[in-house]
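# Observations on chain architecture
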Amino acid sequence: EVAFGNNAFASTHGVEMEEDNSKIFPQKLMDILNEPSNQDAIHWLPHGRSFIISNREKFANEVLPRYFRKTKYTSFTRKLNRWNFQRVTRGPEMGSYHHEFFRRGNEAMCIQMYCKNDRAKFAVT
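I will try to describe carefully the structure that is included in this document. As the structure is a computational prediction, the values presented were derived from the model and not from experiment.

Calculation rules
Residues numbered from 1 in each chain as written. Predicted model: local features only at pLDDT ≥ 70, side-chain atom pairs only at ≥ 80, totals over all residues. Heavy atoms only, no water. Pairing = 2+ DSSP bridges. Helix = DSSP H or I, 4+ residues; strand = E, 2+ residues; numbered from the N terminus. Salt bridge = Lys/Arg side-chain N within 4 Å of Asp/Glu carboxyl O. Buried < 20%, exposed > 50% of the residue type's maximum accessible area, 1.4 Å probe, protein only. Contact = heavy atoms within 4.5 Å. Polar contact = N/O pair within 3.5 Å; in protein donor to acceptor, adjacent residues only side chain to side chain.

## A few points about the sheet that holds strand S4 (residues 97-98)
Here we have 4 strands laid out as an open sheet, ordered S1-S2-S4-S3, and antiparallel in their pairing. What marks the edges here is a single partner per strand, and that holds for strand S1 (42-44) and strand S3 (86-87). Here strand S2 (residues 50-53) pairs with S4 via 2 bridges, running antiparallel. By the bridge assignment for S4, Phe-51 is matched with Tyr-97.

Below, the structure written as structure tokens:
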């Protein structure tokens, strides 16, 4: 695998790169949710303690490729599970995802999150 020093080189040479390799998954997810152009595909619920993918097709085809290399929707949902996000299965917020350390406006809480399959991947402050 070849690592490029900057995204400018990659974008001018047609190489897809993750937005920022120094960020862990929850931090990238926070970036996705904070980007206004993604709001019609994925957005926070009004209380800011969970989010929902409201347009799966647009999310998979337009949003995911901008943030992750070769990530399919099913891979993304598996990653949510590995990072201990809980899917709400009933009630008015059905289909949304929640994690106790994932809150709108509080990216610093993300550093308390870890991946079930890779305990070495903690966020670095």
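## Observations concerning the pattern of salt bridges
Here the structure, examined in full by the defined rule, presents 3 salt bridges. Across the pair Lys-23 and Asp-31 runs a salt bridge, and its minimum N-O distance is 2.5 Å. One salt bridge connects Asp-40 with Lys-58, and the closest N-O pair in it is separated by 2.8 Å. Residue Asp-40 is found in the loop between helix H2 (25-34) and S1, and its partner Lys-58 is found in helix H3 (residues 56-67); the two are separated by 18 residues along the sequence. Judged by its relative accessible area of 45%, Asp-40 is partly exposed. Salt bridges linked by common partners bring Asp-40, Lys-58 and Glu-62 together as one network.

## A look at the environment of His-99
Looking at where His-99 falls in the secondary structure, it is placed in the segment after S4. Its relative accessible area of 7% is what places His-99 among the buried residues. Linking His-99 and Leu-80, residues 19 residues apart in sequence, is a C-alpha distance of 9.6 Å. Not counting residues within four places of it along the chain, the set of residues in contact with His-99 comprises Arg-49, Trp-83, Asn-84, Phe-85 and Met-113. A polar side-chain atom of His-99 sits 2.9 Å from the main-chain amide nitrogen of Phe-101.

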